[in-house]
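Residue strings, one per chain:
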Amino acid sequence: MDIELTNILLENSKTTITRMRAHFAGLLIFAMILLTVLDIVNPGLFSLAAGACAWLAGALIATNISNFQRVQVALMLVIGASCIVGAETLGDPAWGRQLLIGNHAMLAMLAAVTFLRLVTRTPRDSEENPRGPYALWQTLLAVHLFGAIINFSAALIIGHRISARQGRLTALQAQVISRGFVAAATWSPLFASMAVVLAYIPGVNFLKLISFNIFLAAALILYTGLRLQKNDQAEHFEGFPVHRDALTVPVILSAVAICLTQLPAQIPVLPLLVLACLLTVLILAPFQGLRAFARRAREHVITELPKMNSEFALFLAAAVLATGITALASVGVINVRVDPSSAADGIIIMISVAALSLIGIHPVISVAVLAGLLVETLSDPDLIAIAVLAAWATTLCTAPLSGFTLTMQSRFGIASTEFFKWNAGYTVIGLAMGSIMLLIYALVIGR
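Residues numbered from 1 in each chain as written. Predicted model: local features only at pLDDT ≥ 70, side-chain atom pairs only at ≥ 80, totals over all residues. Heavy atoms only, no water.

A.B. asks: What am I meant to see in the overall build of the chain here?
C.D. replies: Along the chain, the regular secondary structure elements total 19 helices and zero strands. Relative to its length of 447 residues, the chain is compact, with a C-alpha radius of gyration of 22 Å against a globular reference of 22 Å. The buried share of the chain, reckoned over its 447 residues, is 52%. Contacts spanning at least 24 positions in sequence make up 84% of the contacts within the chain whose residues lie at least 6 apart. Carbon and sulfur atoms provide 66% of the accessible area of the chain, an area that totals close to 20,000 Å². One finds the centroid of the 26 positive side-chain charges in the chain at a distance of 6 Å from the centroid of its 22 negative side-chain charges. (Helix = DSSP H or I, 4+ residues; strand = E, 2+ residues; numbered from the N terminus. Rg over C-alpha atoms; globule rule 2.2 N^0.38 Å. Buried < 20%, exposed > 50% of the residue type's maximum accessible area, 1.4 Å probe, protein only. Contact = heavy atoms within 4.5 Å. Areas by Shrake-Rupley, 256 points an atom, 1.4 Å probe, with all protein chains shown as cover. Lys, Arg positive; Asp, Glu negative; His and termini not counted. Charge placed at Lys NZ, Arg CZ, Asp CG, Glu CD.)

A.B. asks: It is not clear to me how helix H6 (residues 133–150) should be interpreted in this structure. Could you clarify?
C.D. replies: Within an α-helix, residues lying three or four positions from one another point in the same direction, as the helix has 3.6 residues per turn. The terminal C-alpha atoms of H6, which comprises 18 residues, lie 25 Å apart, in line with the 26 Å expected from a rise of 1.5 Å per residue. Buried residues dominate H6, accounting for 13 of its 18 residues. (Expected span 1.5 Å × (residues − 1).)

A.B. asks: Teacher, can you tell me more about a nonpolar patch on the surface here?
C.D. replies: Nonpolar side chains collect at one region of the surface, where Ile 436, Ile 440, Leu 443, Val 444 and Ile 445 lie side by side and expose about 500 Å² of accessible area between them. By secondary structure assignment, the location of Val 444 is in helix H19 (residues 416–445). For Val 444, a relative accessible area of 63% gives the class exposed. (Patch = residues over 30% accessible without salt bridge, like charges linked within 9 Å, V, L, I, M, F, W, Y side chains within 5 Å. Salt bridge = Lys/Arg side-chain N within 4 Å of Asp/Glu carboxyl O.)

A.B. asks: Help me understand the pattern of salt bridges, please; the structure alone is not making it clear to me.
C.D. replies: Note that side chains of opposite charge can pair when their charged atoms are close. Throughout the structure, instances matching the rule amount to five salt bridges. Ionic pairing is found between Arg 131 and Glu 238, a salt bridge with its closest N-O pair at 3.4 Å. Within this pair, whereas Arg 131 is found in the loop between helix H5 (104–114) and H6, its partner Glu 238 is found in the loop between helix H10 (206–228) and helix H11 (248–261), the two being separated by 107 residues in sequence. Overall, Arg 131 belongs to the partly exposed group, its relative accessible area being 49%. Taken together, the salt bridges that share partners define one network made up of Arg 117, Glu 304 and Lys 307.

A.B. asks: Honestly, the layout of surface pockets in this entry has me stumped. Any pointers?
C.D. replies: Think of a ball as big as a water molecule: rolled over the atoms, this probe shows where empty space is left. One number sums up the size of the second largest pocket: a volume of about 1,200 Å³. What lines the second largest pocket is a set of 43 residues, and nearest its centre among them are Leu 198, Ala 199, Tyr 200, Pro 268 and Leu 270. Counted by class, the lining of the second largest pocket contains 27 nonpolar, 13 polar and three charged residues. (1 Å grid on protein atoms, 1.4 Å probe; cavity = no way out; pocket = protein on both sides within 12 Å on 5 of 7 lines; lining within 4 Å. Points joined across faces, edges and corners; volume = space filled by probe spheres on them. Nonpolar A, V, L, I, M, F, W, Y, C, P; charged D, E, K, R; others polar.)

A.B. asks: Would you mind showing me how to read the nonpolar core here?
C.D. replies: For soluble globular proteins, nonpolar side chains are generally found buried alongside one another. Within the largest apolar cluster, 150 residues are counted, with the highest numbers of intra-cluster contacts made by Met 32, Met 109, Leu 116, Leu 190, Tyr 200 and Phe 312. Element by element, the count of residues in this core is highest for helix H17 (residues 381–395), at 11 residues. If near-sequence neighbours (up to four positions away) are discounted, Met 32 is found in contact with Ala 50, Cys 53, Ala 54, His 104, Leu 107, Ala 108 and Phe 312. (Core = buried A, V, L, I, M, F, W, Y, C linked by side-chain atoms within 4.5 Å.)

A.B. asks: Help me understand the packing of aromatic side chains in this model?
C.D. replies: To describe a pair of aromatic rings, you give the distance between the ring centres and the angle between the ring planes. Here the structure, examined in full by the defined rule, presents seven aromatic pairs. Each ring, one from Phe 146 and one from Phe 240, has its centre 6.1 Å from the other, and the planes form 90°; the classification is edge-to-face. Note that Phe 146 is positioned in helix H6 and Phe 240 in the loop between H10 and H11, a separation of 94 residues in sequence. On the basis of relative accessibility, which here comes to 2%, the residue Phe 240 falls in the buried class. Measuring from centroid to centroid gives 5.5 Å for Phe 419 and Trp 422, while their planes differ by 75°, and the two rings are edge-to-face. With Phe 419 and Trp 422 both in helix H19 and three residues apart, the pair spans about one turn of that helix. Through successive ring pairs, a cluster of aromatic residues spans Phe 181, Phe 191, Phe 404, Phe 419 and Trp 422. (Phe/Tyr/Trp six-rings, centres within 6.5 Å; stacked < 30°, edge-to-face > 60°.)

A.B. asks: I'm lost on the state of the cysteines in this one. Help?
C.D. replies: Linking two cysteines covalently via their sulfur atoms produces the bond known as a disulfide. Counted under the stated rule, the structure contains zero disulfides. In this structure Cys 277 is a free cysteine whose sulfur lies 15 Å from that of Cys 259, the closest cysteine sulfur available. (Disulfide = S-S within 2.5 Å.)

A.B. asks: Whenever I open this one, the environment of Asp 245 confuses me. Can you help?
C.D. replies: Among the structural elements, Asp 245 can be located in the loop between H10 and H11. For Asp 245, a relative accessible area of 35% gives the class partly exposed. As for Asp 245 and Gln 98, which are separated by 147 residues in sequence, their C-alpha atoms are 42 Å apart.

A.B. asks: Teacher, can you tell me more about H5 here?
C.D. replies: Burial analysis of H5 places 11 of its 11 residues in the buried class, the great majority of the element. Three or more residues of H5 are buried, namely His 104, Ala 105, Met 106, Leu 107, Ala 108, Met 109, Leu 110, Ala 111, Ala 112, Val 113 and Thr 114.

A.B. asks: What is the right way to read the environment of Ala 87 from this model?
C.D. replies: By secondary structure assignment, the location of Ala 87 is in helix H3 (residues 67–89). Exposure remark for Ala 87: the relative accessible area of 0% places this residue in the buried category. When the C-alpha atoms of Ala 87 and Thr 326 are compared, they prove to be 9.2 Å apart, with 239 residues separating the residues in sequence.

A.B. asks: In this structure, what is going on with the packing of helix H9 (residues 192–200) against helix H14 (residues 309–330)? I would like to understand it.
C.D. replies: It is the contact of H9 with H14, at a shortest axis distance of 13 Å, that shows an interaxial angle of 25°. One element, H9, and the other, H14, form an angle in the roughly parallel class. Crossing hand, H9 versus H14: right-handed. Contacts from Ala 192, Val 196 and Tyr 200 of H9 reach H14 at Phe 315, Ala 318, Ala 319 and Ala 322. (Axes fitted to C-alpha atoms, helices over the stretch in contact; angles between N-to-C directions. Parallel < 35°, antiparallel > 145°, perpendicular 65-115°, else oblique. Left-handed = near helix turned anticlockwise from the far one by under 90°.)

A.B. asks: Teacher, can you tell me more about the side chain of Ser 47 here?
C.D. replies: Locating Ser 47 in the fold gives a position in helix H2 (residues 47–61). What makes Ser 47 buried here is its relative accessible area of 5%. Every residue in contact with Ser 47, bar those within four places of it in the chain, is listed here: Asp 39, Arg 97, Ile 101 and His 104.

So this is what it looks like as structure tokens:
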């Protein structure tokens, strides 16, 4: 009896410690967000503190990841650390600051985006779900636009809503959600894909990139809708209801971001997006009831932010890898320096990133390695960004080992290998579209 009681007390103690670690990590992540915004006022002053918060939070929560991610993270850490040690022995002491700052701005942006869930309105449970081909198009556009703003939460919210009646997603519903969601990776300023591009590829013209890639997203959505509406089950498709209130957050966020870009001071893009998200939340908070909103925001900080364990593990490990490769390149050990500037270069990058994604190597890893090999001043950084985003938007709904397909598997009981079967054709067509867009860019818009 005493042994059983001891075991219960130990288990309760472990649970309490785990909860306290998660709460502290959430507060560190929130501090990282605020320090990233403060760094706008005095660039460089708060970035080291923000980076330290990111690393501390990561140490607290990054252990709770899948075995596959553990392997990826361990390999990046080992390779990156080995490169850093090699560079240090050859006399490069400059890697320390870069490593501490890491990818804190990228992580701050992704964390700030999660607060938009608190002010995003979704349909009431009593509202009927639409049916038929029109509902298919409506759901496709809804998951694309919601996903562009509140990221992966949109796919889960819509998936749970339209699967409630059957108990699970149909193959057609899964294809609509997966393709509509990942297509937003081509242009959404709040996607991890855009954060990675802005963090690792210097000199990207943010607005130019979005205005060009929106056409690729439109082509992917149009192809998906036309292809899937021919499915035998399209007539019986149960979709997601959309109303005007759903446009409130995207409209206000866009207006705030545009206003911030017009300020005399040039704010770096990632901190600008962090600030835009926070201001949008503050503008809409009074309509939620300030007391109720404050309670939900507190709960969000201590329970939802710590759930970013996968993002912190991946992006912090990528920071070690990129720092190590850059350090070796700076001391001349790695003599390969690249400056992709033609459509052919872009297509090679796109297909390489896509192929690596399909076998389980996350685009973050591919881009981190590429970043360490890029010349200091790129001839055409936008071309590289277009290639990376096109690869991201066409493969993460297909790759069986991507975070998206694995999460869909755990939440909806769909084997991740099914997504490869369903979306392989979409990936091939998407890469062909990406190649055409790179050719058009090089001929018409490129420098």
